[in-house]
Amino acid sequence: MMDAVRFMKMDFMKMKTQAKLMALVVLVVIAFASKMMGETMGVWSILYMIFMGIILCSTPFSIDNMVADGFIKLLPARARQRVFGRYMFAAVFLIVCTVLGSFTSIPYVIKGQITVGYILSQGVIFLSVGLFINSLQYVFSYFFEIKNQQWLSIIRLLPGFIFFFGGSVLMDTLGEMQEGTRNKIGMVLNYAMEHQGVVAFVFLAAAVVFTMLCAVVCGKREERKEA
Amino acid sequence: MNTLEVCGLQKNYKDFCLKDISLELPAGYICGYVGQNGAGKTTTLDLITHQKKSDGGVIKINGMEYKENPKKYKEMIGYVRDMCYFPNDFTLLDIQRILKDFYETFEEDKFMNLCKKWNLPEKKKIKDYSKGMSIRLMFAGILARDTKLLILDEATNGLDPVVKQEVLEILQDYIQDGERSVLFSTHILSDIEQIADYIFFIHKGKKIFYDTKEEIAEKYLLVKGGLEELTDAASGKIKGLKKTSVGFEGIIESDESTCLSVKCVLEKPTIDKIVVAFIKDMEE
């Protein structure tokens, strides 16, 4: 397990340049959020930060692609620890993005437009979906080993865009459905809105299980390639 | 005790096959692993270091197979190649941090002393290092920890003569204690001539010969003479026969040199000449 933590630390070291970019993004989001004071904007900022996070989570794959073999694969650790470390890096990075996105919602909480509980539950739901999408992205990266930088760029951007724009459209659609409380979907959505904590917990549990499953599958695949 | 034992190593690709590669490298010796481009040198090294999975055969380092203890197996290996394998945006200090984290035997002071000795800048990014600096940094990372087998994959390609000589001296120092060995893959045979104790010649994925440098030099002779001295019997036994308007040159086994005319000149060949003659003979 310690080896996985070491690989996670190494992946964070690879993100030095991107960390500066993230700091800039946070400032932009805060500026945007403080100007556009509406309830959905408080949630939008978390969505946007996780969107950036999903794209940046694939950076270690890109960097490993650009470097000759011989260092990372020869570090004294099992291949599956490399994979677990990568998944841990993604989880921690997305959590950090969620927290940063939540901070940008503070102006809305101060204004009384949304509650801390709402931010928390929405943040956990978005994080869970982000983890789910990122895990799929990693499975694709490990199984298909795309070396072509142009294709890799598309694969890096696609999941994040699906998450952000898909999430935005879904939120609008669900909002409209919720207003029609007489239909079954509307009733379900109303129930979910009243029990956001439970929904968030279920989403997170499912995302964690799914992420761990993906990590195990990818870890086995990497081990088989070397031994 | 053999540092490296390879038995029946095999790897199949669509258009290339590494077949039945076997060698034993005793502790305290340097083996030159030579062959043309595309002969299978890097493939062999990738299999020994377990960066790729073999399709058959057994590999042991200090008597241990990879599956017995993958961590310890990798700890015993030092690997240097022709291209820098550190992430481009890392600095020397980042590399130090990683090596300290992963390798139990890594000595920080020794690493920093080597880096200072070789004037490697601490805060400069790896991507801005010259080739010579990258090679030195890779060596610093290896010499600062306890390894048993140093593997070089075309590591001296493109180095200036000063740095190249430095590398060859590092290799000779490395085996001084008699407990460590070097496997040096290259197609630049003049580098091997200087320092190798053993030569493994691979061609199109197959072992052609593996022996000590002295045995190989004893086994073969460089024969030169006028065209009139070249009999049919002799030409059949000479490998890599090169004829010019005034004479001929080639490599012949010492045992078969009796078929040559007394006027022929016999010399001790370089490894370069032997390998080129073999390749030419096999291509014909």
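Residues numbered from 1 in each chain as written. Chains lettered and ligands numbered in written order. Predicted model: local features only at pLDDT ≥ 70, side-chain atom pairs only at ≥ 80, totals over all residues. Heavy atoms only, no water.

Asker: Whenever I open this one, a nonpolar patch on the surface confuses me. Can you help?
Answerer: Residues and elements named next belong to chain A. Nonpolar side chains collect at one region of the surface, where Ile95, Val99, Phe103, Ile106 and Ile110 lie side by side and expose about 490 Å² of accessible area between them. Elements with a minimum of two residues in the nonpolar patch: helix H5 (79-103) and helix H6 (106-110). Per-element tally for the nonpolar patch: the top contributor is H5, with 3 residues. Examined against the element boundaries, Phe103 turns out to sit in helix H5. We classify Phe103 as exposed; its relative accessible area is 51%. (Patch = residues over 30% accessible without salt bridge, like charges linked within 9 Å, V, L, I, M, F, W, Y side chains within 5 Å. Areas by Shrake-Rupley, 256 points an atom, 1.4 Å probe, with all protein chains shown as cover. Salt bridge = Lys/Arg side-chain N within 4 Å of Asp/Glu carboxyl O. Helix = DSSP H or I, 4+ residues; strand = E, 2+ residues; numbered from the N terminus. Buried < 20%, exposed > 50% of the residue type's maximum accessible area, 1.4 Å probe, protein only.)

Asker: Help me out: how do you make sense of the domain arrangement of chain B in this one?
Answerer: Quite often, the size of an interface is put as the accessible area lost when its parts meet. All names here are of chain B. Each domain of chain B was delimited in the assignment, giving domain 1 (2-212) and domain 2 (216-283). Inter-centroid distance (C-alpha atoms) of domain 1 to domain 2 is 34 Å. Each partner contributes residues to the interface: domain 1 has 12 residues there, and domain 2 has 10 residues. Buried area between domain 1 and domain 2, both sides added, is near 1100 Å², and the carbon and sulfur share of it is 76%. It is Leu189, Glu193 and Phe209 in domain 1 that bury the most area against domain 2; as a group they hold 42% of the surface buried on that side. Linking domain 1 with domain 2 are 0 salt bridges. Scanning the region where domain 1 abuts domain 2 turns up 3 residue pairs in polar contact (both at pLDDT 80 or more). For the side of domain 1 that touches domain 2, the secondary-structure elements that each account for two or more residues are helix H7 (189-195), strand S8 (198-203) and strand S9 (206-212). (Domains from an automatic or database assignment. Contact = heavy atoms within 4.5 Å. Buried area = accessible area lost by both parts, 1.4 Å probe. Polar contact = N/O pair within 3.5 Å; in protein donor to acceptor, adjacent residues only side chain to side chain.)

Asker: Explain the environment of Ile199 of chain B to me, please; I cannot follow it from the model alone.
Answerer: Mapped onto the fold, Ile199 of chain B is located in strand S8. With 119 residues separating them along the chain, Ile199 of chain B and Val80 of chain B place their C-alpha atoms 19 Å apart.

Asker: I'm lost on empty space enclosed by the protein in this one. Help?
Answerer: To locate leftover empty space, one rolls a probe as large as a water molecule over the atoms. All names here are of chain B. Inspection of every chain in the model, using the stated rule, returns 2 cavities of 30 Å³ or more. Quantified by volume, the largest cavity comes out at close to 110 Å³. When contributions to the lining of the largest cavity are tallied by element, the ones reaching two or more residues are strand S5 (77-81) and helix H5 (131-143). Residue classes in the lining of the largest cavity are distributed as 10 nonpolar, 3 polar and 1 charged. Volume-wise, the second largest cavity comes out at about 30 Å³. Lining the second largest cavity are Trp118, Ile135, Arg136, Val163, Glu166, Val167 and Ile170. Of all the elements in the fold, those that place two or more residues in the lining of the second largest cavity are H5 and helix H6 (161-174). Among the elements that line the lining of the second largest cavity, the one with the most residues is H6, at 4 residues. (1 Å grid on protein atoms, 1.4 Å probe; cavity = no way out; pocket = protein on both sides within 12 Å on 5 of 7 lines; lining within 4 Å. Points joined across faces, edges and corners; volume = space filled by probe spheres on them. Nonpolar A, V, L, I, M, F, W, Y, C, P; charged D, E, K, R; others polar.)

Asker: How should I be thinking about the pattern of salt bridges in this particular structure?
Answerer: As a working rule, side chains carrying opposite charge can pair if their charged atoms are close by. On inspection of all chains with the given rule, the structure shows 24 salt bridges over all chains. The shortest N-O distance in the salt bridge between Lys16 of chain A and Asp94 of chain B comes to 2.4 Å. Remark: Asp94 of chain B occurs in helix H3 (residues 92-102) and Lys16 of chain A occurs in helix H2 (residues 16-35); the pair is interchain, linking two chains. The network of salt bridges with shared partners includes Asp11, Lys14, Asp64 and Arg86 of chain A.

Asker: Which parts of the structure should I look at to understand the pairing of strand S6 (residues 149-153) of chain B?
Answerer: Note on strand geometry: in a regular strand, side chains alternate between the two faces of the sheet. All names here are of chain B. For S6, the buried fraction is high: 5 of the 5 residues fall into the buried class. Residues Leu149, Ile151 and Asp153 point to one face of S6 and Leu150 and Leu152 to the other, with burial holding for every one of them. Sheet topology note: the S5/S6 ladder contains 5 bridges and is parallel. Residue Val80 lies in a different strand from S6, and its bridge partner there is Leu152. The sheet contact formed by S6 and strand S7 (residues 181-186) spans 5 bridges and is parallel. Bridging from a neighbouring strand, Leu152 pairs with Phe184 of S7. (Pairing = 2+ DSSP bridges.)

Asker: How do you make sense of the interface of chain A and chain B when you look at a structure like this?
Answerer: Contacts between the two partners involve 27 residues from chain A and, on the opposite side, 29 residues from chain B. The three residues of chain A that bury the most area against chain B are Phe71, Leu74 and Pro76 of chain A, which together make up 26% of that side's buried surface. Counting across the chain A and chain B interface gives 3 salt bridges. Applying the counting criterion to the chain A and chain B interface returns 11 residue pairs in polar contact (both at pLDDT 80 or more). Looking at the side of chain A that touches chain B, the elements with two or more residues in it are helix H1 (2-13), H2, helix H4 (59-66) and helix H10 (196-226) of chain A. Of all the elements, H1 of chain A adds the most residues to the side of chain A that touches chain B, at 6 residues. Classifying every residue of the side of chain A that touches chain B by side-chain character gives 13 nonpolar, 2 polar and 12 charged.

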